[in-house]
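So the chains spell out like this:
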Amino acid sequence: MNQTAKPHLDSHMLPVFARADVAFERGEGPWLIATNGDRYLDFTSGVAVNALGHAHPHLVAALQEQAAKLWHVSNLFTIPEGEKLATRLCDASFADVAFFCNSGAEAMEAAIKMARKFQAVNGHPERYRLITFEGAFHGRTLATLAAGGQQKYLEGFGPRVEGFDQVPLGDLEAVKKAIGPHTAGIIIEPWQGEGGVRAADPSFFRALRQLCDDNKLVLVFDEVQTGMGRIGTLFAYEKTGVTPDIMALAKALGGGFPMGACLATVAAAAGMTPGTHGSTFGGNLLATAAGNATLDVMLKPGFFDHVQKMSLLLKQKLASVVDRYSSVVSEVRGDGLLIGVKAVVPAGDVISALRDEKLLTVAAGDNVVRFLPPLIVNESEIEDAVTRLERACTRLARTSAQSEAV
Ligand SMILES: *Cc1c(COP(=O)(O)O)cnc(C)c1O
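Figured I'd write up the structure that's included with this text. These figures come from a predicted structure and were not determined experimentally. (Residues numbered from 1 in each chain as written. Predicted model: local features only at pLDDT ≥ 70, side-chain atom pairs only at ≥ 80, totals over all residues. Heavy atoms only, no water.)

As for the site of the ligand
The ligand sits among Ser103, Gly104, Ala105, Phe137, His138, Gly139, Glu189, Glu194, Asp222, Val224, Gln225 and Lys251. Interatomic distance of 2.8 Å between a backbone N/O atom of Ala105 and an oxygen atom of the ligand. At 2.7 Å, a side-chain N or O of Asp222 approaches a nitrogen atom of the ligand. Compared with its free state, where it exposes 380 Å², the ligand has 82% of that area covered by protein. When the residues that make up the shell around the ligand are grouped by side-chain class, the tally is three nonpolar, five polar and four charged. (Near = heavy atom within 4 Å. Polar contact = N/O pair within 3.5 Å; in protein donor to acceptor, adjacent residues only side chain to side chain. Areas by Shrake-Rupley, 256 points an atom, 1.4 Å probe, with all protein chains shown as cover. Nonpolar A, V, L, I, M, F, W, Y, C, P; charged D, E, K, R; others polar.)

Spelled out as structure tokens, the structure:
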């Protein structure tokens, strides 16, 4: 495996990302300013991370203040800022306890381990399997990839981690059939983000809750993308009408600072005693200061009214674009500010045409373009974004008509 001479490489970063050829040096709310001075309207929010936009004054101040005092001490010691964040997240949700980590995949790993451990300490160590849904995305670690079950991501990485049974989204009979003597629980995203902005209807969530109660299974919600306000409530489960036993959070939790959390009821977390799980960096002072600052803003009265209002406006305006440019885009889906537009032409073409118009969006499965503006986006910025989309659609409609003509 030794190589004789070093090859010449344009980039020394492992080429696992197909990056756009644009770099930014500054951000202001929903705007990103590129190194060449161009201003882009950012409807990616760093993939649903920068919920409060870029350089939010309250977050900047909180992080600067913490950075001058203390960054990291490890979980050998009490971390008051973390205690405070855990208390606030539990007060605002169904949960009693929170475990802090650094990413969504880690939050889901904690959730998977917790669900299995719950069964083990309740006399059922044989119950370790988890039911998941087609189109799911739970992260890139070996276990979360197996949970997501996407063949293209699993290929070439050796035997798949055992213990996940996948069924079609919304298919209650398939879920019932998948429940066996080894089943520990069910994992679901309230809205599939990466999978193409898809959700089962509330009756399905109620049925899952009932199935879990009847069979003593653990219900796990992956709210890594939907949580922290993206759906227009602090957590998306509030809109499903049921509460999970375990919930994974990450993306927007630190407002852009890498952080994840696994929240649970004390009952579900019963097996998680000292030494059963851990993280070196998880919940350090910088991360939990960022998390607390993010919550300070989100918990202000009226914050979610604003998100719901902007959601309605964006969905209405996008629906009108879909009506007028049906050869380019065909459907608007989603909730809150997790909005997907299904494309007729390749979604990648729409995204690059939008980038030419200086509007940034994200691809998702099912040929969907995701619109993920920061939650602080205002009416005129939404109107501006839709104007850019119209310009892109006009160009794309022309090209697709031309290619049909030849
Ligand atoms: C992004 C995402 C993850 C993975 O988060 P990472 O921070 O990239 O590990 C897991 N689940 C869902 C639903 C996500 O959207």
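Overview of the layout of surface pockets
Estimated volume of the second largest pocket: approximately 670 Å³. Together, 25 residues line the second largest pocket, and Asn75, Ala98, Phe99, Phe100 and His277 are the ones closest to its centre. For the lining of the second largest pocket, the secondary-structure elements that each account for two or more residues are helix 3 (80-91), strand 4 (97-101) and helix 4 (104-121). At four residues, the largest contribution of residues to the lining of the second largest pocket is made by strand 4. In terms of residue class, the lining of the second largest pocket is built from 13 nonpolar, eleven polar and one charged. (1 Å grid on protein atoms, 1.4 Å probe; cavity = no way out; pocket = protein on both sides within 12 Å on 5 of 7 lines; lining within 4 Å. Points joined across faces, edges and corners; volume = space filled by probe spheres on them. Helix = DSSP H or I, 4+ residues; strand = E, 2+ residues; numbered from the N terminus.)

Structural notes on the packing of helix 11 (residues 303-324) against helix 13 (residues 379-405)
Two numbers describe how helix 11 lies on helix 13: the axes approach to 10 Å, and their chain directions differ by 15°. Comparing the axis directions of helix 11 and helix 13 gives the class roughly parallel. The handedness of the crossing between helix 11 and helix 13 is right-handed. On helix 13, the residues touching Met310, Leu313, Leu314, Lys317, Leu318, Val321 and Arg324 of helix 11 are Glu379, Ile382, Glu383, Val386, Leu389, Glu390 and Cys393. When grouped by side-chain class, the residues that make up the contact of helix 11 with helix 13 number nine nonpolar, no polar and five charged. (Axes fitted to C-alpha atoms, helices over the stretch in contact; angles between N-to-C directions. Parallel < 35°, antiparallel > 145°, perpendicular 65-115°, else oblique. Left-handed = near helix turned anticlockwise from the far one by under 90°. Contact = heavy atoms within 4.5 Å.)

With respect to the packing of aromatic side chains
In the structure shown here, the tally under the stated rule is eight aromatic pairs. Seen in terms of ring centroids, Phe94 and Tyr237 are 5.3 Å apart; in terms of plane orientation they differ by 85°. Their pairing is edge-to-face. Of the two residues, Phe94 sits in the loop between helix 3 and strand 4 while Tyr237 sits in helix 9 (residues 237-240), which places them 143 residues apart along the sequence. An identical accessibility class is assigned to Phe94 and Tyr237; each is buried. Here the aromatic rings of Phe137 and Tyr153 are separated by 6.2 Å at their centres, their planes lie at 75°, and the arrangement is edge-to-face. In this pair, Phe137 is assigned in the loop between strand 5 (129-133) and helix 5 (142-148) and Tyr153 in helix 6 (residues 151-154), connecting sequence segments 16 residues apart. The buried category is assigned to Phe137, whose relative accessible area is 19%. Each residue in the set Phe133, Phe204, Phe205 and Phe221 is aromatic and connected to the rest through ring pairs, giving one cluster. In this structure, Arg39 is placed above the aromatic ring of Trp31, and the distance from its NZ or CZ to the ring centre is 5.0 Å. Looking at Arg140, its charged tip hangs above the ring of Tyr153, at a distance of 4.0 Å from the centre. (Phe/Tyr/Trp six-rings, centres within 6.5 Å; stacked < 30°, edge-to-face > 60°. Buried < 20%, exposed > 50% of the residue type's maximum accessible area, 1.4 Å probe, protein only. Lys NZ or Arg CZ within 6 Å of the ring centre and 35° of its normal.)

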